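The lines below spell out each chain.
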Amino acid sequence: MSGQVDQIEASHDVSARRRRPGAVLHCGWCGRPIEQGSTGRRRRYCGQSCRQRAYERRVAVQRSGLPEDAVVLSDTELTALQDRLFQLRCAAEDVVTAVDDGADPGELRRMALELAETARDLERLR
């Protein structure tokens, strides 16, 4: 099983290198932005605590027999995710309605920025 974890870690390192320059990386556990050094391997976690929690979850998933790519959410986490997706959909529908109603470009820009911010917040699952 250690080989599988190594493959996952290796595939993550490859995908991290493909990121566009200057892109903000986020902690693989808590989702907070991570400051990267100028040299060395890119950090995956913001600190030792998050790295340990991620390790514990990987081990628990391996022991449970779930597939490696399984995502397990509590009822509370699922409800929060559904609420955030609903907010994103509503923001997108508001932009469409504003376009149909002939809103001025400044208003459309403000709404589009709000939509982008809602989507950006949704990217952080934790």
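All values derive from a computational prediction rather than experimental measurement.

Draft legend 1. Representation of the packing of helix α3 (residues 75-100) against helix α4 (residues 105-123) within the structure. It is at 10 Å that the axes of α3 and α4 come closest, and there the two elements cross at 165 degrees. The angle between α3 and α4 falls in the class roughly antiparallel. The hand of the α3/α4 crossing is left-handed. Contacts between α3 and α4 involve L81, R84, L85, Q87, L88, A91, A92, D94, V95, A98 and V99 from the first element and L108, M111, A112, L115, T118, A119, D121 and L122 from the second. Among the residues forming the contact of α3 with α4, the class breakdown is 14 nonpolar, 2 polar and 3 charged.

Draft legend 2. Examining the pattern of salt bridges more closely. One pass over the structure, following the stated rule, counts 5 salt bridges. Note that R89 and E93 form a salt bridge whose closest N and O atoms lie 2.7 Å from each other. Taken as a pair, R89 and E93 lie in helix α3 at a separation of 4 residues, close to a single helical turn. Given the relative accessible area of 43%, R89 is considered partly exposed. A relative accessible area of 38% means that E93 is categorised as partly exposed. The partner of E107 in a salt bridge is R110, and the shortest N-O contact between them spans 2.7 Å. Of this pair, E107 and R110 both sit in helix α4, 3 residues apart, which is roughly one turn of that helix. Given a relative accessible area of 43%, R110 falls into the partly exposed group.

Rules behind the numbers
Residues numbered from 1 in each chain as written. Predicted model: local features only at pLDDT ≥ 70, side-chain atom pairs only at ≥ 80, totals over all residues. Heavy atoms only, no water. Axes fitted to C-alpha atoms, helices over the stretch in contact; angles between N-to-C directions. Helix = DSSP H or I, 4+ residues; strand = E, 2+ residues; numbered from the N terminus. Parallel < 35°, antiparallel > 145°, perpendicular 65-115°, else oblique. Left-handed = near helix turned anticlockwise from the far one by under 90°. Contact = heavy atoms within 4.5 Å. Nonpolar A, V, L, I, M, F, W, Y, C, P; charged D, E, K, R; others polar. Salt bridge = Lys/Arg side-chain N within 4 Å of Asp/Glu carboxyl O. Buried < 20%, exposed > 50% of the residue type's maximum accessible area, 1.4 Å probe, protein only.

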